[in-house]
Protein chains: 2
Amino acid sequence: MKVHGALLSTASQRVFACLYEKELDFEFVPIDMRTGGHKKEPFISLNPFGQVPAFEDGDLKLFESRAINLYIAHAYAEKGNQLIYSDGKKMAIVSTWMEVEAHQFDPVASSLCWELAIKPMLGMTTDATVVDEKAAKLGQVLDVYEARLAQSKYLGGDDFTLVDLHHLPNIQLLMGTQVKKLFDSHPHVNAWCADILARPAWLKVLAMQANN
Amino acid sequence: MKVHGALLSTASQRVFACLYEKELDFEFVPIDMRTGGHKKEPFISLNPFGQVPAFEDGDLKLFESRAINLYIAHAYAEKGNQLIYSDGKKMAIVSTWMEVEAHQFDPVASSLCWELAIKPMLGMTTDATVVDEKAAKLGQVLDVYEARLAQSKYLGGDDFTLVDLHHLPNIQLLMGTQVKKLFDSHPHVNAWCADILARPAWLKVLAMQANN
């Protein structure tokens, strides 16, 4: 298996985390985004939208991190940690909360990561108006998460699944910013973050960055 | 099965189309969005994010249209038209293009629907700058679709699947606006639109609106 991506790309990190959870060997093929490697061949033959990561498993070629992870979790169900349910109804709840991550959490979290973590790294100026607006929305999302996590150990059910995993890269970045206080003020969310951020598979993703 | 939603909501229409494709009986529970019915009880107990549709199948309660449709397609695989593949690799390609619809097509298409179809209906003024920006992005997405559909009859593979179905509500609205020309100028995209818009299940969704 090959992952074509970038160590600092949150979408690539999602796939690395999944592969480590499943204890699968893979080759990391770095794409140099600073020189536009994701916008030209050979990468755009793997993803015509020019976004990392892309993935190969033998002759199967995929892109979109969440679709890649669903494939890995199903195709290698017997390996490593289970990240999905075989029960149809339990899996439907997981699918619902995977959509919540993609449509409710990720748009605001990605925007806050850009303003509060990436822009300062690149020497660009953070837009305080955007931060205020997105932080308010993130607070509303975390209110729903707090109610959910008061009833369910993980967002998708009683077990850690792809739902929780897909949140990891954004949460890791946001924990180093001023919006950490939003997580801190939601006790069940805070405990959930501490739990999932400490998973050995996620620590391996962080080690990939540190060793580079 | 019950669908709590609104006839003019594109997300609700996605679920209706899926249920008609699968030839399943369901009860439509209208939510009056003009009076904020989606933001208060009993609806927000079904979807704490306050967005239509929500779905019930016996004691299973779901929200997020794409997750609902995945559940229906899997749980009722033997009914009506097949909308997914049982083969894992073929289904992984379907998952990839379902993510493309959700992350590449829907954000620009929804924005154009709002500016060009919904705002005029509500007597609001269309923002030409937003239209220009989003139309340019839609053109880029359709360029990728054109290349894909030159090689594959449908976006997810040789067969009509949830991928194509999920595009229907936005495409239906956009065909009545100035951006129809973007579809017209991509011949494979145009043929694909004509094909999927003519499906009996989709015509039943349009009839639901017309009969109301």
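Residues numbered from 1 in each chain as written. Chains lettered and ligands numbered in written order. Predicted model: local features only at pLDDT ≥ 70, side-chain atom pairs only at ≥ 80, totals over all residues. Heavy atoms only, no water.

## Overview of the interface of chain A and chain B
Just so we agree on the cut-off: The contact rule is simple, with two residues in contact once any of their heavy atoms fall within 4.5 Å. For any pair of parts, buried area is found by adding up, for both, the accessible area (1.4 Å probe) each one loses once the two are put together. Think of a salt bridge as a Lys or Arg side-chain nitrogen and an Asp or Glu carboxyl oxygen that are within 4 Å of each other. What qualifies as a polar contact is a pair of N or O atoms within 3.5 Å, subject to a donor-acceptor requirement within protein and to the restriction that residues adjacent in sequence count only when both atoms come from side chains. Strands are runs of DSSP state E lasting at least 2 residues, helices are runs of H or I lasting at least 4, and numbering of each runs from the N terminus. Just so you know the grouping, Ala, Val, Leu, Ile, Met, Phe, Trp, Tyr, Cys and Pro go in nonpolar, Asp, Glu, Lys and Arg go in charged, and all remaining residues, Gly too, go in polar.
Facing 29 residues of chain A, the contacting portion of chain B comprises 29 residues. The junction of chain A with chain B conceals about 2500 Å² of combined surface from both sides, 70% of it contributed by carbon and sulfur atoms. There are 2 salt bridges connecting chain A and chain B. Between D59 of chain B and K89 of chain A there is a salt bridge, and its shortest N-O distance comes to 3.6 Å. Here chain A is connected to chain B by 4 residue pairs in polar contact (both at pLDDT 80 or more). Of the residues forming the side of chain A that touches chain B, the biggest block, 12 residues, is contributed by helix 4 (residues 88–121) of chain A. Each residue belonging to the side of chain A that touches chain B can be placed in one class, and the counts come to 16 nonpolar, 6 polar and 7 charged.

## Regarding the relation of the copies chain A and chain B
Rules: Least squares is used to superpose the copies, and the fit set is the C-alpha atoms of residues whose pLDDT is at least 70 in both copies.
It takes a turn of 180 degrees to lay chain A on chain B, together with a shift of 0.0 Å along the axis; the resulting RMSD is 0.0 Å. On the angle and the small slide along the axis, the relation comes out as a two-fold axis. In this assembly the copies share their binding face: 100% of the residues contributing to the interface of chain A also contribute to that of chain B.

## Overview of the sheet that holds strand 4 (residues 60–63) of chain A
All names here are of chain A. Filter applied, for reference: Between any two strands, pairing holds if DSSP finds at least two bridges. Whenever a helix is involved, its axis is fitted only over the stretch in contact; in every case the axis is a line through C-alpha atoms, and angles between N-to-C directions fall within 0 to 180 degrees.
Reading across the sheet, the 4 strands line up as 2-1-3-4 and stay open at both edges, with mixed pairing between neighbours. Both outer strands of the open sheet, strand 2 (27–30) and strand 4, are each paired with one neighbouring strand and no more. Neighbour-to-neighbour, the strand axes of the sheet open up by a mean angle of 20 degrees, direction not taken into account. Where strand 1 (residues 2–5) and strand 2 come together, 4 bridges link them in parallel fashion. Along strand 2, the bridge assignment pairs G5 with P30.

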